[in-house]
Amino acid sequence: MENMQYAEELVREFLVFRGFTSTLQALESELSTDIGKGFQVDRILELIFSVYVPKFQAEKLVGLLNFFKQCLSSTEMVLIATLSKLEVSILRYYIVHAVQFGRKDKLTEFFGTYGNVLLQSSPDWMPWFAIPYLKNPNLDPQFCVYFSREWLDTLHLSFRNFLSEIFNGTRIPTLLKISTEKNTIKRLKKDIRQLNDKLSQLQALLEDKDAQLCLLRSMAPSATERGMIQKNFAPHPISETPVKDANEEVKLPSGGLDECKDTFTTDHQGETEAGVRDWDATSPTTLSSRLAFPKQEHGSSTTKLPVGEGGAKEGLQIFQGALYTANGGEVRIEEEFPEVKVEFQETFLGHTSPISRCRFSATGNNIASASLDGTVRIWTYDSSTSTSRNATIYCGAEIMSLDWECKSDRLLLIGTADGGIKAWNVDAKRVVCDLSTTEKYPRVLDLKCSPVEPIFVSAAASRGHGSSFIDQMGFASLTVWNMKTWKATTVLPLGNDPPAITSVCFNHNGKILAASATDGMIHMFDMSAGLQITGWPAHDSAVSSVLFGPDETSIFSLGSDGKIFEWSLHNQGRILWSRDCSRFFNHESAEICRHEMALDATGRRLLVTSNSVRSPIYQVQGHHTSGLRTLPHTGAITTVDWHPTLPIYLTGSADHSVRVTSIS
C-alpha cells in the first residue's frame, strides 16, 4: 500500500495531540515487530479465536463483526451474505466455548444482551436458548456437530479465506487514501508547472519566429534584382542531381563559382567575395556537402562518411536510419531511435564494480543497487527525501537478485550466488533474517515478493557445466517462503530435472505466478493451490525475463536471442506484439550474463538492457512510434527498472554507475 509510513506518522501526530501516550507506546511496540506492513489475517484470527472468545469478551467480538459489515458496500451482496453466515457460526462457537468451560453466567449474560437481536435475525436461534439448561449438549443431535474439532477447523479456514478476499490489497483504508490524494495533488501541480513552462517556451519561440519572418521579408530582393540574377545565370545553368525525398545532395560544377561571382551587382559584391574566398579553399565534394539540405529538413539526421581516396571522393549520408550514397543509391537500412527528451538525470557513482541489479522501492523514494563485488547500496536521488536509510551492505558473494517488499519501503530481499537470501530492514539498518537455499541449488537467480500476502518466491538453480552463463545454470527450484516465520512453506512442482528458472513475477493480486526457463518455456502457477496450471514454449532460446502486462491480460517475455513477445493470456500461444532487439545483444560479450526488461507505470514503454552504451525504450500498447534510446553510459547497460508511478527509469551499467533519468 502506498506510503504506509506517511499514514503511520499521521497516527502518531494524532496520539501525541490527544495525549494517548499508552496507545502511542503500544503502536511503537507493534510497529517494531511488524514485517508484513499490511492487512494481516493471522492477527485478526488470533484476536477472535485466542482473545475475544476465550476471555468471553462478547461485546468486543460483536463490535468487530459489525466493523467488517461496514467495510462492505451494499452492492456486494454475495460477500454480505457470506459474512452473515460466518457471524452466526462465530457466535455459536462463543456459546459452545462457554458451555465447554462451564461458564453458565456468560451464557446468560450473552443471551440477555443479544437475545432479541438474534431472534429477529433468524428463528433458527430459538433452540440455542435452551442450551444452558441441557445436561450434556455435546451429545444432543442438534448441537453435537458444533462441539467437534472438524467444525471448528472448517470455521477457522472459512473465515481466513473470507478476510483474505475482502482485504486483498484492492481495498485501501481511508487513512492511506490521504497519502494517495496528497501525491495526486503534488503530481498535478507539477504537471501544471511543466505545462506553464512549456507554454512560455512556445510563446517565446513564436515571437522569435515572427521576428525572423519580418526580417526575411525586409531583406527579400526586389523584382528587378530577381530578374537580373536570373538573366545573368541563364548562360551558365546549374547542374543538379535529382532530389530523392529531399534527402540527396545538390552539386555545382567546379567552374561555376567564378562565373557566378561576376554576375552579382555591386551591392552584393562584398558578401559574394567573402563567400568565394571560403569556397575556393574547398574541394568539389566538400562544396557538395555544404549545399546539401540541412539536417533539420524533414527531421533527418545527416552524417558524412568518406569513401575511397582522392579529390573526387564519394559521400555517404544517413537519413532517418537509412544509409545512402551521394548519387541516391541505398546501401543498407538500419533502424535508429531518437534520443529521449530528458527533464533531469542523476548519476550514482558509489560502486566499484559492474552493476548487476538495481530496483526502485515500492514508493520510489529509495533505490537499491548491487554490484558484482557483493555490495548492495541503498540511496535516494531526491534531495527532499531523507538520507537516514542510506546504507552499504556487504554480502560476500555476487548479488544475483534484488526485490523490495511490496507494501512498504522497509524490507529489501537480496539473493546471492552462494545460496544466501538476506532480508535487510532499512529503518533498523540490519539483516533481520539470513536464509539459505539447499546446497543443491546455490544460485538465487530471482526473488519476487507477493503484492498481497507476506510471502516471497525464490528461483534457485544448481551449478551446471559449461562456459556460457546459460550452461552454468543447472536444474531449477521454485520455493515459497513465509515472511513472518521466515520458513520455506512450499516447493512449486516443476517435474524431474527441470531447466533453470531465470525470472518470476506475480500478477496484481498475487494469485498467479509466471516463471521463465532456460528451455524457452513459460510456466504459470496457481499460488493458492501451489500447482502449475499451464505453460507453453515461448522462445527457441532461453527466456531471460518475464513480466505481466499492465491490464493482466497479457505477459511479456524476453529471449536471450533478443526477441520480445507479448503473449495473450486469453488465447494461449497468440502473440499480440513483438520486437527484435537482437542488435542490442552481443552474445560474445561477457558484460551482461542475463538480460532483463521493465515496464513503466502506464504499461506503454518497455525498457530493455543492452550490450551497447544505450538501451532501447520500445513503445507498446498500440503506439505507432518504434521507440526511443537512452542517453549513453560508457559501458554496457546491465540492469533496468522503472519508477512505480512516475516517468523515471533506472539504468545500471558495466561502467560501475547507476543513473536515474526523468523523461517527458
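Our subject is the structure listed above.
Computed from a predicted model, the values in this text were never measured in an experiment.

> Describe the pairing of strand β11 (residues 411-416), naming the residues involved and giving the relevant values.
Of all 6 residues making up β11, 6 are buried, and the element is well covered by its neighbours. The two faces of β11 match: L411, L413 and G415 on one face and L412, I414 and T416 on the other face are all buried. When strand β10 (residues 399-404) meets β11, the two strands line up antiparallel, connected through 5 bridges. Within β11, the residue paired with W404 across the bridge is L412. Between the antiparallel neighbours β10 and β11 lie 6 residues. Pairing between β11 and strand β12 (residues 420-425): 5 bridges, direction antiparallel. Residue pairing in the sheet places I414 in a bridge with K422 of β12. Connecting the antiparallel pair β11 and β12 is a turn made up of 3 residues, with G419 showing a positive phi of about 85 degrees.

> How would you summarise the sheet that holds strand β9 (residues 391-394) if you had to cite specific residues and measurements?
On the basis of which strands lie adjacent, the open sheet formed by 4 strands has the order β6-β7-β8-β9 and antiparallel pairing. Each edge of the open sheet is held by one strand with a lone partner, namely β6 (355-360) and β9. Going across the sheet, the axis of each strand differs from the next one's by a mean of 15 degrees, ignoring polarity. With 5 bridges joining them, β6 and strand β7 (residues 367-371) adopt antiparallel strand pairing.

> Run through the pattern of salt bridges, naming residues and quoting values.
This model, assessed by the stated rule, comprises 14 salt bridges. Across the pair E109 and K106 runs a salt bridge, and its minimum N-O distance is 3.9 Å. With E109 and K106 both in helix α6 (residues 104-121) and 3 residues apart, this pair spans about one turn of that helix. Note on E109: relative accessible area 48%, which makes it partly exposed. Note that E339 is salt-bridged to R614, the shortest N-O span being 2.6 Å. Of this pair, E339 sits in the loop between β4 (330-333) and β5 (342-348) while R614 is found in the loop between β27 (605-608) and β28 (616-619), placing the two residues 275 residues apart along the sequence. Judged by its relative accessible area of 37%, E339 is partly exposed.

How each quantity is defined
- Residues numbered from 1 in each chain as written.
- Predicted model: local features only at pLDDT ≥ 70, side-chain atom pairs only at ≥ 80, totals over all residues.
- Heavy atoms only, no water.
- Buried < 20%, exposed > 50% of the residue type's maximum accessible area, 1.4 Å probe, protein only.
- Helix = DSSP H or I, 4+ residues; strand = E, 2+ residues; numbered from the N terminus.
- Pairing = 2+ DSSP bridges.
- Axes fitted to C-alpha atoms, helices over the stretch in contact; angles between N-to-C directions.
- Salt bridge = Lys/Arg side-chain N within 4 Å of Asp/Glu carboxyl O.

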